[in-house]
Amino acid sequence: MLSGCSVSSLAARFAFFPPDPPTYALRKDEATGRLVASGVPRDNALDVLLLDTTRGTKVVAFYLRNPCARLTLLYSHGNAADLAQLYDLFVQLKVNLKVNLMGYDYSGYGASTGKPSEENTYADIEAVYQCLETEYGISQEELILYGQSVGSGPTLHLASRLPRLRGVVLHSAILSGLRVVCHVNFTFCFDIYKNVKKIKKVKCPVLVIHVSLFTNKTIKVPVLFNGSRIKSSCAHRETL
């Protein structure tokens, strides 16, 4: 029989798949002194950042400015991807939604240092939010958090601590790490990404975007924050 620790480790192994090798590297431009990322087009509206976290890692972030924006989107990506692969998507979102966009690679993804873990992803998104607040002057009221798949973990971690956010988008979110691996309908103390509990602490509007495993159709579900409504929004065990 598996112990709590071994089950938690199993869930963690299923949670993180950084691209190997990474699809980009960082270097400093000699002419400007700014960081640039290989494989990403040069763009004066793009800031490439390297941010220190409280857990001793350095995470890479892309900040894309839109002069027409009134809101900023903080994007936590899904698995098996890094920032260079997502750059074109970021540009489309920036233009079509008329937002500034901050995307980042978790510890161990892309050119970010360290190893991926639940606690590291929490420190990663906290460092990115601090940068948005201090370097770009973005307030909670001007910020929308977007979390896809495993990115729903750090997204809900931060959202549960920021009561005045403009909104949260959860795209194919997970209920918890263990519920992706095993058929369980309750939460163990050793589980990772206990999103099903954290969402109840979120105060702002939330949009759940679910891609059905059975129909390949996208279903958008506005969620209110009481237990019965959360349950009624579950399309299957892996999503909120």
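Above this text you will find the structure in question.
Please read these numbers as outputs of a predicted model, since none were measured by experiment.

Cut-offs and rules
- Residue indices follow the written sequence of each chain, beginning from 1 at its first position.
- Residue-level local features of this predicted model are given only where pLDDT is at least 70; pairs of side-chain atoms are given and counted only at 80 or more, and the full residue set underlies all totals for whole chains, interfaces and linings.
- For side-chain calculations, the full set of non-hydrogen atoms in the structure is used, while hydrogens and water are omitted.
- In this description a helix means any DSSP run of H or I spanning at least four residues, a strand means any run of E spanning at least two, and both kinds are numbered starting from the N terminus.
- Burial classes follow relative accessibility: with a 1.4 Å probe on protein chains only, a residue under 20% of its type's maximum area counts as buried, one over 50% as exposed, and anything between as partly exposed.
- Two residues form a contact once any of their heavy atoms are found within 4.5 Å.
- Here the accessible surface of atoms and residues is derived via Shrake-Rupley with a 1.4 Å probe, and residues count as covered only by protein chains that are part of the display.
- Among the buried residues, those of types Ala, Val, Leu, Ile, Met, Phe, Trp, Tyr and Cys that are joined through side-chain atoms within 4.5 Å form a nonpolar core.
- When DSSP finds two or more bridges between two strands, those strands count as paired.
- A pair of aromatic rings is counted whenever rings of Phe, Tyr or Trp (Trp by its six-membered ring) have centres within 6.5 Å, and the orientation is called stacked for planes under 30 degrees apart, edge-to-face for over 60 and tilted otherwise.
- Any Lys or Arg side-chain nitrogen found within 4 Å of a carboxyl oxygen on Asp or Glu counts as a salt bridge.

Trainee: Honestly, the overall build of the protein in this entry has me stumped. Any pointers?
Mentor: Helix and strand content of the protein: 7 helices and 10 strands. A buried classification covers 50% of the 240 residues belonging to the protein. Intrachain contacts of the protein at a sequence separation of at least 6 include 61% that bridge at least 24 residues. Roughly 11,800 Å² of accessible area belongs to the protein as shown, and the carbon and sulfur atoms make up 55% of that amount.

Trainee: How should I be thinking about the nonpolar core in this particular structure?
Mentor: A general tendency of soluble globular proteins is for nonpolar side chains to be buried together. Leu74, Met102, Leu143, Leu145, Leu165, Val168 and Leu170 are the most contacted members of the largest nonpolar core, which has 38 residues in total. Listed by contribution, the elements that provide at least two residues to this core are β3 (46-52), β4 (58-64), β6 (99-104), α3 (118-135), β7 (143-148), α4 (152-159), β8 (167-171) and β9 (206-211). The leading source of residues in this core is α3, at 6 residues. Look past the residues within four positions of Leu74 in its chain and what remains in contact with it is Met102, Tyr104, Ile125, Val128, Leu132, Leu143, Ile144, Leu145, Tyr146 and Leu158.

Trainee: Looking at this structure, how should I read the pairing of β3?
Mentor: Strand residues, when the strand is regular, have side chains that alternate between the two faces of the sheet. Most of β3 sits inside the fold, with 5 of its 7 residues counted as buried. Note that β3 and β4 share 7 bridges and pair antiparallel. Among the inter-strand pairings, Asp52 is bridged to a residue of β4, identified as Lys58. Following β3, the chain reverses through 5 residues before pairing antiparallel with β4; Gly56 in that reversal takes a positive phi of roughly 85°.

Trainee: Help me understand the packing of aromatic side chains in this model?
Mentor: We describe a pair of aromatic rings using the distance from one ring centre to the other and the angle between the two ring planes. Evaluation of the coordinates by the stated rule reveals 8 aromatic pairs. For the pair Tyr104 and Tyr106, a centre-to-centre distance of 5.3 Å together with 90° between the ring planes defines the contact as edge-to-face. Take Tyr104: its relative accessible area is 0%, and that puts it in the buried class. A relative accessible area of 1% means that Tyr106 is categorised as buried. Taken together, the ring pairs connect Phe16, Tyr122 and Tyr193 into an aromatic cluster.

Trainee: Help me out: how do you make sense of the pattern of salt bridges in this one?
Mentor: Any two side chains of opposite charge can pair, given that their charged atoms come close. Scanning the model with the defined rule gives 6 salt bridges in all. For the salt bridge of Arg161 with Glu126, the shortest nitrogen-to-oxygen distance reads 3.6 Å. Separated by 35 residues along the polypeptide, Arg161 in the loop between α4 and β8 and Glu126 in helix α3 bring together distant segments of the chain. In this structure Glu126 comes out as partly exposed when scored by relative accessible area, which is 27%. When the shortest N-O distance is used, the salt bridge between Arg164 and Glu141 registers 2.8 Å. Of this pair, Arg164 sits in the loop between α4 and β8 while Glu141 sits in the loop between α3 and β7; the two residues are 23 residues apart in sequence, bridging distant segments of the chain. Sharing partners across several salt bridges, the network here consists of Arg34, Asp47 and Arg65.

Trainee: Hey, could you run me through the environment of Ala127 in this one?
Mentor: Relative to the elements of secondary structure, Ala127 occurs in helix α3. The spacing of Ala127 and Thr53 is 74 residues in sequence and 5.4 Å in space, taken between C-alpha atoms. In this view, Ala127 contacts Leu51, Asp52 and Thr53; residues no more than four positions away in its chain are not counted.

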